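# Coordinate inspection notes
Here's the letter readout for the chains.
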Amino acid sequence: MGRRPEVFVRQVSMAEGQRWQRTTRTAKDAVKLRRAIVVLMSAQGQPAPDFARLLKTSETMCVT
């Protein structure tokens, strides 16, 4: 069995990263908050299992 593929978002600009960070602080909607966390962690090269653990969810929920 080979290594599982890793999925990452594209590179985000500094301004876009700051916007996502602001969203993590101000989001009232849980979906927006989770999305911002996933995008930021993925842009930093963190693998899906890491943010799945942080969000206390399954790995498949973070990559779909």
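If you're wondering where the values come from, they're calculated on a predicted model, not measured in any experiment.

## Concerning helix α2 (residues 30-43)
The end-to-end C-alpha separation of α2 is 20 Å, in line with the 20 Å expected for 14 residues at 1.5 Å each. Listed as buried for α2 are A36, I37, V38, V39, L40, M41 and S42. One or two positions beyond α2, positive phi appears at G45, with a value near 90°.

## Here we look at the nonpolar core
By size, the foremost hydrophobic cluster in this structure holds 6 residues: I37, V38, M41, A48, F51 and L55. Among the elements of the structure, α2 and α3 (48-55) are those that each provide at least two residues to this core.

## Description of the pattern of salt bridges
Scanning the entire structure with this criterion turns up 1 salt bridge. Note that D50 and R53 form a salt bridge whose closest N and O atoms lie 2.6 Å from each other. Linking D50 with R53, this pair stays in helix α3, spanning 3 residues, or about one helical turn. Under the relative-accessibility criterion, R53 is labelled exposed at 57%.

## Observations regarding the packing of α2 against α3
For any two helices packed against each other, one specifies the inter-axial angle together with the distance between the axes. Viewed as axis vectors pointing N to C, α2 and α3 meet at an angle of 150°, and their least axial separation amounts to 10 Å. Our classification of the angle between α2 and α3 gives roughly antiparallel. Considering how the two elements wind past one another, α2 and α3 form a crossing that is right-handed. Across the interface between the two elements, R34, I37, V38, M41 and S42 of α2 pack against D50, F51, L54 and L55 of α3. The residue makeup of the contact of α2 with α3, split by class, is 6 nonpolar, 1 polar and 2 charged.

Quick notes on the rules
Residues numbered from 1 in each chain as written. Predicted model: local features only at pLDDT ≥ 70, side-chain atom pairs only at ≥ 80, totals over all residues. Heavy atoms only, no water. Helix = DSSP H or I, 4+ residues; strand = E, 2+ residues; numbered from the N terminus. Expected span 1.5 Å × (residues − 1). Buried < 20%, exposed > 50% of the residue type's maximum accessible area, 1.4 Å probe, protein only. Core = buried A, V, L, I, M, F, W, Y, C linked by side-chain atoms within 4.5 Å. Salt bridge = Lys/Arg side-chain N within 4 Å of Asp/Glu carboxyl O. Axes fitted to C-alpha atoms, helices over the stretch in contact; angles between N-to-C directions. Parallel < 35°, antiparallel > 145°, perpendicular 65-115°, else oblique. Left-handed = near helix turned anticlockwise from the far one by under 90°. Contact = heavy atoms within 4.5 Å. Nonpolar A, V, L, I, M, F, W, Y, C, P; charged D, E, K, R; others polar.

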